[in-house]
Amino acid sequence: MFRESLVDSALNRLSAHFGSHLVVHPPANADALARLEHLVGPVPREFSIFLSACDGLRVRGEGRETEWHLWGTHEALASIVAPPGLGAPPGFVPVRGDPTGERDWLIAAHGPAEGSVLRWDPWVPGAELIASSFGSYFRRKFKWSQ
């Protein structure tokens, strides 16, 4: 029996709440997923479900502060392969970023933080653990839409 993942339920709530302000990209193709996993290793199941449902999304708002963008495979791969700066640590997948360099990273590497999401700017000391899994990160990012 399959149960609805946190990603599925969050996408359904987003669609109901934002309607035409939500831009959901088509699902990632198998080649893009394979390239990503070749570079970072196997990705957590919830992230794989997200990419299989939509290869990134954007919520359009009235101003830059109200717009939110979650990266898909193309943006993540571009950031890993040809980053402007220090690049991606091994086993880290960028899932959101801004022009200043701050990124939200999904940790795909095996270890105690595997599957969690970290906010880190390679140009600034320190990092912040912001979610224990991609599903909880995704749900939390849109908690105001519940």
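Read on for an overview of the structure. No experiment lies behind these values; they were computed from the predicted model shown.

### Regarding the overall build of the chain
Check the secondary structure of the chain and you find 5 helices and 7 strands. The helix and strand sequence of the chain, counted from the amino end, reads α-β-α-α-β-β-α-β-β-β-β-α. Counting only residues that meet the buried cut, the chain has 46% of its 146 residues in that class. In the chain, of all internal contacts separated by at least 6 residues, the share reaching a separation of at least 24 is 50%.

### Notes on the pairing of strand β4 (residues 92-97)
Across the 6 residues that make up β4, a large majority, 5, are buried. One ladder, built from 5 bridges, connects β4 with strand β5 (residues 103-107); its direction is antiparallel. For V93, the partnering residue across the bridge sits in β5 and is L106.

### Concerning the sheet that holds strand β3 (residues 68-70)
Reading across from one edge, β1-β2-β3 is the order of the 3 strands in this open sheet, with antiparallel pairing throughout. Lying at the two open borders of the sheet, with one neighbouring strand each, are β1 (22-24) and β3. Strand after strand, the sheet turns through a mean of 5° between neighbouring axes, direction not considered. Relative to β3, strand β2 (residues 57-59) runs antiparallel, the two sharing 3 bridges. Across the sheet, the residue bridging to L57 is L70, located in β3.

### With respect to the pairing of β5
The element β5 is extensively covered by neighbouring structure, given that 5 of its 5 residues are classed as buried. Burial along β5 is two-sided: R103, W105 and I107 and D104 and L106, pointing in opposite directions, are all buried. Hairpin connection of β4 to β5: 5 residues between the antiparallel strands, including G101 at a positive phi of 110°. Pairing geometry for β5 and strand β6 (residues 117-120), over 4 bridges, is antiparallel. Within β6, the position partnered with L106 by the bridge is V117.

Conventions used here
- Residues numbered from 1 in each chain as written.
- Predicted model: local features only at pLDDT ≥ 70, side-chain atom pairs only at ≥ 80, totals over all residues.
- Heavy atoms only, no water.
- Helix = DSSP H or I, 4+ residues; strand = E, 2+ residues; numbered from the N terminus.
- Buried < 20%, exposed > 50% of the residue type's maximum accessible area, 1.4 Å probe, protein only.
- Contact = heavy atoms within 4.5 Å.
- Pairing = 2+ DSSP bridges.
- Axes fitted to C-alpha atoms, helices over the stretch in contact; angles between N-to-C directions.

Geometry only, nothing functional implied.
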